[in-house]
Amino acid sequence: MDQNNLDKIIDRALDIREKYHRLEKQQNGSEWTLEQDALAYLTDAGIVGRDFMSHEKTWIKKDASAELEHKLAENIWWLIILADRTGIDIKNALEKFLTKTENIF
């Protein structure tokens, strides 16, 4: 994977989401709403917290290291999806955030 090409990563993320939409239509008769996507993201973010607790040995969980890696990536994927669904250019938003934050220091 070309990890330096955010455009390709975003395209791949959106393609995967479209495949999930097709699966949702098959299983539920409709695609998940933006609200359902946001709740799925928040659920995964909570799992990341527990995986970090396991990493720090304050919560016992089997296979937490592998899950942590997966869930961190999945959270980035969800953020790309949520930005797209709300019309936010994630690359531009990230650039503005980084510039604003760099200027603080």
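Coordinates for the structure precede this section.
Draft legend 1. A look at the side chain of Asp51. Positionally, Asp51 belongs in helix α2 (residues 34-55). On the basis of relative accessibility, which here comes to 0%, the residue Asp51 falls in the buried class. Those residues in contact with Asp51 that sit more than four places away from it in its chain are Lys61, Ala64, Glu67, Leu68 and Lys71.

Draft legend 2. How the structure looks around the packing of helix α1 (residues 6-28) against helix α3 (residues 64-85). In contact at an axis separation of 10 Å, α1 and α3 are set at 80° when each is read in the N-to-C sense. In this view, α1 runs roughly perpendicular relative to α3, as classed from their interaxial angle. Together, Ile9, Ile10, Ala13, Leu14, Ile16, Arg17, Tyr20 and His21 of α1 and Trp77, Trp78, Ile80, Ile81, Asp84 and Arg85 of α3 make up the contact between the two elements. Residue composition of the contact of α1 with α3, grouped by class: 10 nonpolar, one polar and three charged.

Draft legend 3. Just the packing of aromatic side chains, in detail. All told, the structure shown has three aromatic pairs when counted by the stated rule. Between Trp32 and Trp78 the ring centres are 6.5 Å apart and the planes differ by 0°, which places this aromatic pair in the stacked class. Here Trp32 is found in the loop between α1 and α2, whereas its partner Trp78 is found in helix α3, with 46 residues between them in sequence. For Trp78, a relative accessible area of 4% gives the class buried. Aromatic rings pair up to connect Tyr20, Trp32, Trp77 and Trp78 into one cluster.

Draft legend 4. Up close: the packing of α2 against α3. Two numbers describe how α2 lies on α3: the axes approach to 9 Å, and their chain directions differ by 155°. By the angle between their axes, α2 is roughly antiparallel relative to α3. The interaxial crossing formed by α2 with α3 has left-handed handedness. The segment α2 lies against α3, with Leu34, Asp37, Ala38, Ala40, Tyr41, Asp44, Ala45, Ile47, Val48, Asp51, Phe52 and Ser54 engaging Ala64, Glu67, Leu68, Lys71, Leu72, Glu74, Asn75, Trp78, Leu79, Ile81, Leu82 and Arg85. Its residues assigned to classes, the contact of α2 with α3 shows 15 nonpolar, two polar and seven charged.

Draft legend 5. Highlighting a nonpolar patch on the surface. Nonpolar side chains collect at one region of the surface, where Leu6, Leu94, Phe97 and Leu98 lie side by side and expose about 340 Å² of accessible area between them. It is helix α4 (residues 90-104) that provides the largest number of residues to the nonpolar patch, a total of three residues. Within the element layout of this structure, Leu6 appears in helix α1.

Draft legend 6. Looking closely at the pattern of salt bridges. Applying the stated rule across the entire model yields 10 salt bridges. With a shortest N-O distance of 2.7 Å, Asp37 and Arg17 are connected by a salt bridge. Residue Asp37 is located in helix α2, and its partner Arg17 is located in helix α1; the two are separated by 20 residues in the primary sequence. For Asp37, a relative accessible area of 0% corresponds to the buried category.

What counts, and at which threshold
Residues numbered from 1 in each chain as written. Predicted model: local features only at pLDDT ≥ 70, side-chain atom pairs only at ≥ 80, totals over all residues. Heavy atoms only, no water. Helix = DSSP H or I, 4+ residues; strand = E, 2+ residues; numbered from the N terminus. Buried < 20%, exposed > 50% of the residue type's maximum accessible area, 1.4 Å probe, protein only. Contact = heavy atoms within 4.5 Å. Axes fitted to C-alpha atoms, helices over the stretch in contact; angles between N-to-C directions. Parallel < 35°, antiparallel > 145°, perpendicular 65-115°, else oblique. Nonpolar A, V, L, I, M, F, W, Y, C, P; charged D, E, K, R; others polar. Phe/Tyr/Trp six-rings, centres within 6.5 Å; stacked < 30°, edge-to-face > 60°. Left-handed = near helix turned anticlockwise from the far one by under 90°. Patch = residues over 30% accessible without salt bridge, like charges linked within 9 Å, V, L, I, M, F, W, Y side chains within 5 Å. Areas by Shrake-Rupley, 256 points an atom, 1.4 Å probe, with all protein chains shown as cover. Salt bridge = Lys/Arg side-chain N within 4 Å of Asp/Glu carboxyl O.

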